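Next come the chains, spelled out residue by residue.
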Amino acid sequence: MNRIREYIDEHLNQVLIGLISVIVIFIVIIGVMTFHRQSTATLDDQNGFANSISSSESSSTSAASTEEGSRSPEPSSSTTNQQMYVDVKGAVKNPGVYQINANMRVVDAINLAGGYNHSADRKHINLAQKLSDQQVVYVPIRGEVKGNPVTSTNPGPQASAASATSESQTGDSQDVTTASSGNEQQINLNTADKTKLQELNGIGEKKADQIIAYRQAHGQFKRIEELKDVPGFGDKTFDNLKSSICV
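As the structure is a prediction and not an experimental result, all values here were calculated from the model.

Asks: In this structure, what is going on with the overall build of the protein chain? I would like to understand it.
Replies: In terms of helices and strands, the protein chain carries seven helices and six strands. In the protein chain, the succession of helices and strands from N to C terminus is α-α-β-β-α-β-α-β-β-α-α-α-β. Expressed as a percentage of its 247 residues, the buried residues of the protein chain come to 28%. Look at the contacts in the protein chain between residues 6 or more apart in sequence, and 49% of them connect residues 24 or more apart.

Asks: Sorry if this is basic, but what is going on with the sheet that holds strand β1 (residues 84-90) here?
Replies: Within a beta sheet, neighbouring strands are joined by backbone hydrogen bonds and run either parallel or antiparallel to one another. Strand order in the open sheet formed by three strands is β2-β1-β3, and the pairing between neighbours is mixed. At either margin of the open sheet sits one strand with a lone partner, and together these are β2 (96-100) and β3 (135-139). Here the strands of the sheet are splayed against their neighbours by 30° on average, with no regard to which way each runs.

Asks: Whenever I open this one, the packing of aromatic side chains confuses me. Can you help?
Replies: For any pair of aromatic rings, the description rests on two quantities: the centre-to-centre distance and the angle between the ring planes. Scanning the entire structure with this criterion turns up one aromatic pair. With a centroid separation of 5.5 Å and an interplanar angle of 25°, the aromatic rings of Y214 and F221 are classed as stacked. In this structure Y214 comes out as buried when scored by relative accessible area, which is 13%. Lying over the aromatic face of F233, K207 brings its terminal NZ or CZ to 5.3 Å of the ring centre.

Asks: Where do I start with the pattern of salt bridges in this structure?
Replies: Pairing is possible between side chains of opposite charge, provided their charged atoms come close. Overall, the coordinates contain six salt bridges when judged by the stated rule. K89 serves as the salt-bridge partner of D87, at 3.4 Å between the closest nitrogen and oxygen. Ionic pairing is found between D209 and K194, a salt bridge with its closest N-O pair at 3.2 Å. One end of the pair, D209, is in helix α6 (residues 205-218); the other, K194, is in helix α5 (residues 194-197), and 15 residues separate them in sequence. When salt bridges with common partners are traced through the structure, they connect K194, E205 and D209 into a single cluster.

Asks: What should I look at first to understand α6 in this one?
Replies: Every α-helix carries 3.6 residues per turn, so stepping three or four residues along brings you back to the same face. Between its first and last C-alpha atoms α6 spans 20 Å; for 14 residues at 1.5 Å apiece the expected length is 20 Å, and the two agree. Burial analysis of α6 places 10 of its 14 residues in the buried class, the great majority of the element. Those residues of α6 not exposed but buried are A208, D209, Q210, I211, I212, A213, Y214, R215, Q216 and A217. The inward-facing, buried residues of α6 contact β3 and α5. Once α6 finishes, G219 follows within two positions and takes phi at roughly 90°, a positive value.

Asks: I tried to follow the environment of T191 on my own but got confused; where do I start?
Replies: Within the secondary structure layout, T191 lies in the loop between β5 (185-188) and α5. Relative accessible area serves as the criterion here: at 18%, T191 is assigned to the buried category. Note: C-alpha distance between T191 and R215 (24 residues apart in sequence) is 9.7 Å.

Asks: I'm lost on the side chain of N188 in this one. Help?
Replies: Position of N188 among the secondary structure elements: in strand β5. Here N188 falls in the buried class, since its relative accessible area comes to 8%.

Asks: Would you mind showing me how to read the pairing of β1 here?
Replies: Within a regular strand, the side chains alternate between the two sheet faces. Sheet topology note: the β1/β2 ladder contains five bridges and is antiparallel. Paired with V88 across the bridge in β2 is G96. Where β1 folds back on β2, the antiparallel hairpin that results is connected by five residues. Taken together, the five bridges between β1 and β3 define a ladder with parallel strand orientation. Bridge pairing links D87 to V136 in β3.

Asks: Before we go on, may I ask you to explain the confidence of the model for the protein chain in this structure?
Replies: Overall, the predicted model of the protein chain reaches an average pLDDT of 75, with 66% of residues at or above 70. Between the elements of the protein chain, mean pLDDT differs from a low of 34, seen in strand β4 (residues 176-178), to a high of 95, seen in helix α3 (residues 106-112). Throughout residues 151-184 the model reports pLDDT below 50, and contacts reaching past four residues in sequence, or to other chains, amount to 65 contacts.

How each quantity is defined
- Residues numbered from 1 in each chain as written.
- Predicted model: local features only at pLDDT ≥ 70, side-chain atom pairs only at ≥ 80, totals over all residues.
- Heavy atoms only, no water.
- Helix = DSSP H or I, 4+ residues; strand = E, 2+ residues; numbered from the N terminus.
- Buried < 20%, exposed > 50% of the residue type's maximum accessible area, 1.4 Å probe, protein only.
- Contact = heavy atoms within 4.5 Å.
- Pairing = 2+ DSSP bridges.
- Axes fitted to C-alpha atoms, helices over the stretch in contact; angles between N-to-C directions.
- Phe/Tyr/Trp six-rings, centres within 6.5 Å; stacked < 30°, edge-to-face > 60°.
- Lys NZ or Arg CZ within 6 Å of the ring centre and 35° of its normal.
- Salt bridge = Lys/Arg side-chain N within 4 Å of Asp/Glu carboxyl O.
- Expected span 1.5 Å × (residues − 1).
- pLDDT = per-residue confidence, 0-100.

Okay, here's the thing in structure tokens:
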């Protein structure tokens, strides 16, 4: 018994140190395990948040792709563009047929034809008027069109001195009609071209141009007596022509 006590007294310090060491090691192990669990839980939360964001972005991208895919493709401008042509006549340097686009104006057509010649009457032309397919742009010569100069960009009787007529080639070819009063053939003032008008007695190139310019500016003749409204055509001239013309 005494030996046991002596042994304990001699080795008490070592036993205490051993117990303290074991307790410290145990505490360290528990702390490490707790920290590891917390780190793992935090990492799992971060991964879950990242996955949630990624899933949300994927859903948004998929929805946007579906929406874009459901939209019908818009037709390209090249397929909707239509070839358009105008016939530029009168006091220009290079009369002829020119290709245009839908945004072009009368001034563009005149420029395509080389611009005005020295006899052009620029005061009776609406340069801002829009062009259309199959349009005839006629630039009158000085003194050919009577009245005030063009002061409005809206196409009207004066502005139409350089505007279109919608006469088709088929209509131009039908420039001779038969008079109902007999077998004599009469020339139609509304459909006859310049060459055909010059077949009338006393009608030269200048007067034929005046008839065409009046027709383009005011529309088709309603009755043959309107010929007296054309500059250069008085009662005497009309009396000489009335048996040879019709509308």
